[in-house]
Amino acid sequence: MKTNFATIDALPRTLRGIEELDAAGLVAERDGLDAVAERYAVALTPTLAGLIDRDNPADPIALQFVPDARELETRPEERADPIGDDAHSPVPGIVHRYPDRVLLKLVGVCAVYCRFCFRREMVGPGAEASLSDEALERGLSYIAGRPKIWEVVLTGGDPFMVAPRRLEALMRRLAAIPHVKIVRFHTRVPVAAPERVTGALVAALKADGVTTFVAVHANHARELGPEARVALARLADAGIPLVSQSVLLRGVNDDAGTLTALFRALVECRVKPYYLHHPDLAPGTAHFRLPIADGQALMRELRGRLSGLALPTYVLDIPGGHGKVPVGASYLEETPDGWHVTDYCGGVHAYTNSS
């Protein structure tokens, strides 16, 4: 039996499929796109569609959400499960990669589908829409039976696609597990479909006995339009701490000026930049990837121009499920007497170890 966690058609004006994108003037070249849409989910919300500059073929919002024929090109190193969720899934819906936290994947649908998504083979209308009642019970029993689990990360799909009353019930269940102290939601909804961030949804995210965090996915400052800012303020005003996750994407945000504008805009919205992800090896996403050395150079440049409040950690999810590691620039070089330390302007200074 299926629990109706997600309302897939809750946004009737969302553009779905190549025909609707083409009719909206968002498709420059149609060749190959029908085949892309047959393989990977397509959805673009009115909010994000309204941000696209249709006169700019390299618009950074369009690049993230409008299908591209290059998505049909799969490289040998790319993987259907690039970060190894399946290898760490003891029961359906649970990913237990780290000792003190688990992912709980409630739904397989999103408000919008990113063209670089690392779960693109697992999400969309053709995927499992939601966990069954039985699978959810098994997942909650798994969490309850392992006292080392301190944090539960709700993901999917997008957990903000779940009806508030369902989220409220789930939060009560999680809060009743004594060792669970943190519940974190990973979502695109405040940016992609901010009208869904209602008072009822915000209230459903909180429960006595646990602390709620919300991690918001945004990759370009233009995504933080007036409606998104209102949605984020509604969450922040409710006392929910907000952090962000971004992906470093070729053509979208791979320059210091664009990243500076994004991270400052997030902080102004009371969102702490948390992770800047190196793009994963998802199928058909090679056109978004750039060398790690380029990302390190960008982070070094940002270190000199941005407040620490606005600096995320640049990370790589090791392919195959081996976890996330920081891959930012190094400022230290060991010497026989101590260290050479490079400052943000490029100057090198000696630092001697004390005896």
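Predicted model, so just to flag it, every value in this text is computed and none were measured.

## Side note on the overall build of the protein
So, step 1. Within the protein, the regular secondary structure consists of 11 helices and 12 strands.
So, step 2. Compactness check: the protein gives a C-alpha radius of gyration of 21 Å against a globular reference of 20 Å for 355 residues, within 12% of the reference.
So, step 3. Within the protein, the fraction of its 355 residues that count as buried is 52%.
So, step 4. Of the contacts formed within the protein by residues at least 6 apart in sequence, a portion of 76% connects residues at least 24 apart.
So, step 5. Taken as a whole, the protein presents about 15700 Å² of accessible surface, with 53% of it coming from carbon and sulfur.
So, step 6. One way to put it: in the protein the 39 positive side-chain charges average out to a point 6 Å from where the 44 negative ones average out.

## Focus on the sheet that holds strand β5 (residues 211–217)
So, step 1. The mixed open sheet is built from nine strands, whose spatial order is β1-β2-β3-β4-β5-β6-β7-β8-β9. This sheet does not close on itself; its edge strands, each paired only once, are β1 (94–98) and β9 (324–326). The mean angle between the axes of side-by-side strands here comes to 30°, regardless of whether they run parallel or antiparallel.
So, step 2. Both strand β6 (residues 242–247) and strand β7 (residues 271–277) contribute to a ladder of six bridges, which runs parallel. In the strand pairing of β7, Gln 245 is matched with Tyr 275.
So, step 3. Against the sheet, helix α9 (residues 226–237) touches β5, β6 and β7, its axis set at about 140° to β6.
So, step 4. Of the strands in this sheet, β7 and β8 (313–317) touch helix α11 (residues 292–303), which is tilted by about 165° from β8.

## Section: the sheet that holds strand β12 (residues 348–352)
So, step 1. Overall, antiparallel pairing links the three strands, which are arranged β10-β11-β12 in an open sheet. Each edge of the open sheet carries a strand with a single partner, namely β10 (332–335) and β12. Averaged over neighbouring strand pairs, the angle between their axes works out to 25° when direction is ignored.
So, step 2. In terms of strand pairing, β10 meets strand β11 (residues 338–342) through four bridges, oriented antiparallel. Each residue of the ladder has a partner; that of Thr 335, found in β11, is Gly 338.

## A word on the packing of helix α10 (residues 256–268) against α11
Helix-helix packing is characterised by the crossing angle of the two axes and by the distance between the axes.
So, step 1. Put simply, α10 and α11 touch, their axes get as near as 10 Å, and they point 60° apart. Considering their axes alone, α10 and α11 lie oblique with respect to each other. For the pair α10 and α11, the sense of crossing is right-handed. Touching Ala 256, Leu 259, Thr 260 and Phe 263 of α10 are Leu 298, Glu 301 and Leu 302, all from α11.
So, step 2. For the contact of α10 with α11, the per-class residue count stands at five nonpolar, one polar and one charged.

## A short note on the packing of helix α5 (residues 133–144) against helix α6 (residues 164–175)
So, step 1. Close contact between α5 and α6 brings their axes to 10 Å; oriented N to C, the two are set at 30°. Looking at the two axes, α5 sits roughly parallel to α6. In the packing of α5 onto α6, the handedness of the crossing is right-handed. Taken together, the residues of α6 that come into contact with α5 (itself represented by Leu 136, Glu 137, Leu 140 and Ile 143) are Leu 170, Arg 173 and Leu 174.
So, step 2. Here the contact of α5 with α6 is built from residues that sort into five nonpolar, no polar and two charged.

## Description of the confidence of the model for the protein
So, step 1. Looking at the protein as a whole, its pLDDT mean stands at 92, while 94% of the residues score no less than 70.
So, step 2. Note that pLDDT drops below 50 for residues 1–12; the model gives that stretch 35 contacts with residues more than four away or on any other chain.

## A short note on the environment of His 287
So, step 1. Tracing the backbone through its elements, the reader meets His 287 in the loop between β7 and α11.
So, step 2. Overall, His 287 belongs to the buried group, its relative accessible area being 14%.
So, step 3. The sequence separation of His 287 and Leu 249 amounts to 38 residues, and the corresponding C-alpha distance is 8.8 Å.
So, step 4. Among all residues touching His 287, those that are not within four sequence positions of it are Asp 68, Arg 70, Glu 71 and Arg 250.

Calculation notes
- Residues numbered from 1 in each chain as written.
- Predicted model: local features only at pLDDT ≥ 70, side-chain atom pairs only at ≥ 80, totals over all residues.
- Heavy atoms only, no water.
- Helix = DSSP H or I, 4+ residues; strand = E, 2+ residues; numbered from the N terminus.
- Rg over C-alpha atoms; globule rule 2.2 N^0.38 Å.
- Buried < 20%, exposed > 50% of the residue type's maximum accessible area, 1.4 Å probe, protein only.
- Contact = heavy atoms within 4.5 Å.
- Areas by Shrake-Rupley, 256 points an atom, 1.4 Å probe, with all protein chains shown as cover.
- Lys, Arg positive; Asp, Glu negative; His and termini not counted.
- Charge placed at Lys NZ, Arg CZ, Asp CG, Glu CD.
- Pairing = 2+ DSSP bridges.
- Axes fitted to C-alpha atoms, helices over the stretch in contact; angles between N-to-C directions.
- Parallel < 35°, antiparallel > 145°, perpendicular 65-115°, else oblique.
- Left-handed = near helix turned anticlockwise from the far one by under 90°.
- Nonpolar A, V, L, I, M, F, W, Y, C, P; charged D, E, K, R; others polar.
- pLDDT = per-residue confidence, 0-100.

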